[in-house]
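Below are the chains, spelled out letter by letter.
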Amino acid sequence: MGYLPGGAAIDYAEGAVENVPAERPTVLVVEDERHIRELVCLHLGLEHMACVEAGDGHMALELARSRRFDLIVLDLMLPGLDGITVCRAIRRESRNSDVPILMLTAKLEESDKVVGLDSGADDYVTKPFGVRELMARVRALLRRTARPEEAAGERPLTYRHISLDSARRRVMVDGADVELTSQEFQLLHVLLSHPGIVFSREALLGKIWGTDTFVTVRSVDTLVKRLRKKIEANPAEPSVILTVWGTGYKAADV
Ligand code: CA
């Protein structure tokens, strides 16, 4: 590792390039295809974000263990360690266990997307992707983690058999830790903070994805389904997150 005047660092190892002034959001971009990696970094740079590049999964994991990032863009198909394995390892054992992860996938099958999201990714973009869409999702993920109402110090929330600790971004169901993606966590947080209040799909979409993304209200249904699998005793007959037909969703009154 070499250091430039002004604090920027350069890692001379092949595939790892750093140029990281302080204060800017720093994004780890994990992609073995160099032209895609460089394209993503170019556009992150244009939006005043700093970029750290990794060309394979091992390097990505090493970087994620050694320092904090504000966001990780992670390719699914990587030589050596694949994106799913890297994603799980980051969630489990790195300093970035709560970092937003945006997965890049070349696969179109819904099952692959679900696997990606179940492994702990927060969102995905299917290749070939438009730069505009990618950047909109990056901004949405960064905005979400910067939300002041989720700042440290908020008291843990207890609702029936569920406890939710925003400061530690931790959820326990029946006393056992449950791993949620950022989106699942946010959905649960919104609903449990307002038991009995009905939220329309559009309202939830805005709260969770922000305004300038390309997701539809159906994504809310998919997200609810995934969350129910993780927190409901019987996801087919939910008792915590209830569907309000024709409107949206609510947490059952305590
Ligand atoms: Ca790849």
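In this text the structure is predicted, and so the values were computed from the model without any measurement.

A. Representation of the side chain of Ser 166 in the model. Within the element layout of this structure, Ser 166 appears in the loop between β10 (162–165) and β11 (170–173). Polar side-chain contacts of Ser 166 include one of 3.2 Å to the side chain of His 189.

B. Layout of the sheet that holds strand β12 (residues 176–178). Taken in spatial order, the 4 strands of this open sheet run β9-β10-β11-β12, and their pairing is antiparallel. The sheet terminates laterally at β9 (157–159) and β12, the two strands that pair on one side only. Taken pair by pair, the neighbouring strands of this sheet meet at an average axis angle of 25°, ignoring direction. As paired strands, β9 and β10 are joined by 3 bridges and run antiparallel to one another. Directly across from Thr 158, in β10, lies its bridge partner Ser 163. Here helix α6 (residues 182–193) sits on the sheet and contacts β9, β10 and β11; the angle it forms with β10, its principal contact strand, is near 110°.

C. Quick peek at the coordination of the calcium ion. Coordination sphere of the calcium ion, protein contribution only: Glu 31 (OE), Asp 32 (OD), Asp 75 (OD) and Met 77 (O), at 2.0 to 3.2 Å. Here Met 77 falls in the partly exposed class, since its relative accessible area comes to 46%.

D. Structural context of a nonpolar patch on the surface. A cluster of nonpolar side chains, namely Leu 39, Leu 42 and Leu 46, defines an oily patch on the protein surface of about 280 Å² accessible area. Turning to its location among the elements, Leu 46 is positioned in helix α1 (residues 34–46).

E. Looking closely at the environment of Met 49. Assignment of secondary structure puts Met 49 in the loop between α1 and β5 (50–54). Residues Met 49 and Thr 26, 23 residues apart in the sequence, show an inter-C-alpha distance of 5.9 Å. Look past the residues within four positions of Met 49 in its chain and what remains in contact with it is Arg 24, Pro 25, Val 27, Leu 44, Met 135, Val 138 and Leu 142.

F. Layout of the sheet that holds strand β14 (residues 241–244). The sheet built from 3 strands is open, its strands ordered β13-β15-β14 with antiparallel pairing. Both edges of this open sheet fall to β13 (199–200) and β14, since each of them pairs with a single strand only. Bridge count between β13 and strand β15 (residues 248–251): 2 bridges; the pairing is antiparallel. Bridged to Ser 200 within β15 is Gly 248.

G. Summary view of the pairing of strand β7 (residues 101–105). Burial analysis of β7 places 5 of its 5 residues in the buried class, which makes it a mostly covered element. Side-chain alternation along β7 places Ile 101, Met 103 and Thr 105 on one buried face and Leu 102 and Leu 104 on a second face that is also buried. The pairing of strand β6 (residues 71–75) with β7 spans 4 bridges and is classified as parallel. Bridge pairing in β7 places Ile 72 opposite Ile 101. Strand direction decides the pairing type here: β7 and strand β8 (residues 123–126), joined by 4 bridges, are parallel. Its bridge partner lying in β8, Thr 105 is registered against Thr 126.

H. Seen up close, the state of the cysteines. With the rule as written, the count across this model stands at 1 disulfide. Here Cys 41 connects covalently by a disulfide to Cys 51, the sulfurs 2.3 Å from one another. Disulfide Cys 41-Cys 51: the torsion about the S-S bond is -65°, which places it as left-handed. One end of the pair, Cys 41, is in helix α1; the other, Cys 51, is in strand β5, and 10 residues separate them in sequence. For Cys 41, a relative accessible area of 10% corresponds to the buried category. What makes Cys 51 buried here is its relative accessible area of 12%.

I. A look at the pattern of salt bridges. Per the stated rule, a full pass over the model turns up 17 salt bridges. For Arg 137, the salt bridge is made with Glu 133, and the minimal N-O distance between the two is 3.1 Å. Here Glu 133 and Arg 137 lie together in helix α5 (residues 131–145), a separation of 4 residues that amounts to about one turn. Assessed through its relative accessible area of 8%, Arg 137 is described here as buried. Its relative accessible area of 24% is what places Glu 133 among the partly exposed residues. Between Glu 184 and Arg 226 there is a salt bridge whose closest N-O contact spans 3.0 Å. Of the two residues, Glu 184 is situated in helix α6 and Arg 226 in helix α8 (residues 218–231); the sequence distance between them amounts to 42 residues. Classification of Glu 184 by relative accessible area gives buried; the value is 0%. Connected through salt bridges with shared partners, the residues Glu 31, Glu 33, Asp 75 and Lys 127 form a single ionic network.

What counts, and where the lines are drawn
- Residues numbered from 1 in each chain as written.
- Predicted model: local features only at pLDDT ≥ 70, side-chain atom pairs only at ≥ 80, totals over all residues.
- Heavy atoms only, no water.
- Helix = DSSP H or I, 4+ residues; strand = E, 2+ residues; numbered from the N terminus.
- Polar contact = N/O pair within 3.5 Å; in protein donor to acceptor, adjacent residues only side chain to side chain.
- Pairing = 2+ DSSP bridges.
- Axes fitted to C-alpha atoms, helices over the stretch in contact; angles between N-to-C directions.
- Contact = heavy atoms within 4.5 Å.
- Donors = N, O, S within 2.8 Å, 3.2 Å for Na, K, Ca; no water.
- Buried < 20%, exposed > 50% of the residue type's maximum accessible area, 1.4 Å probe, protein only.
- Patch = residues over 30% accessible without salt bridge, like charges linked within 9 Å, V, L, I, M, F, W, Y side chains within 5 Å.
- Areas by Shrake-Rupley, 256 points an atom, 1.4 Å probe, with all protein chains shown as cover.
- Salt bridge = Lys/Arg side-chain N within 4 Å of Asp/Glu carboxyl O.
- Disulfide = S-S within 2.5 Å.

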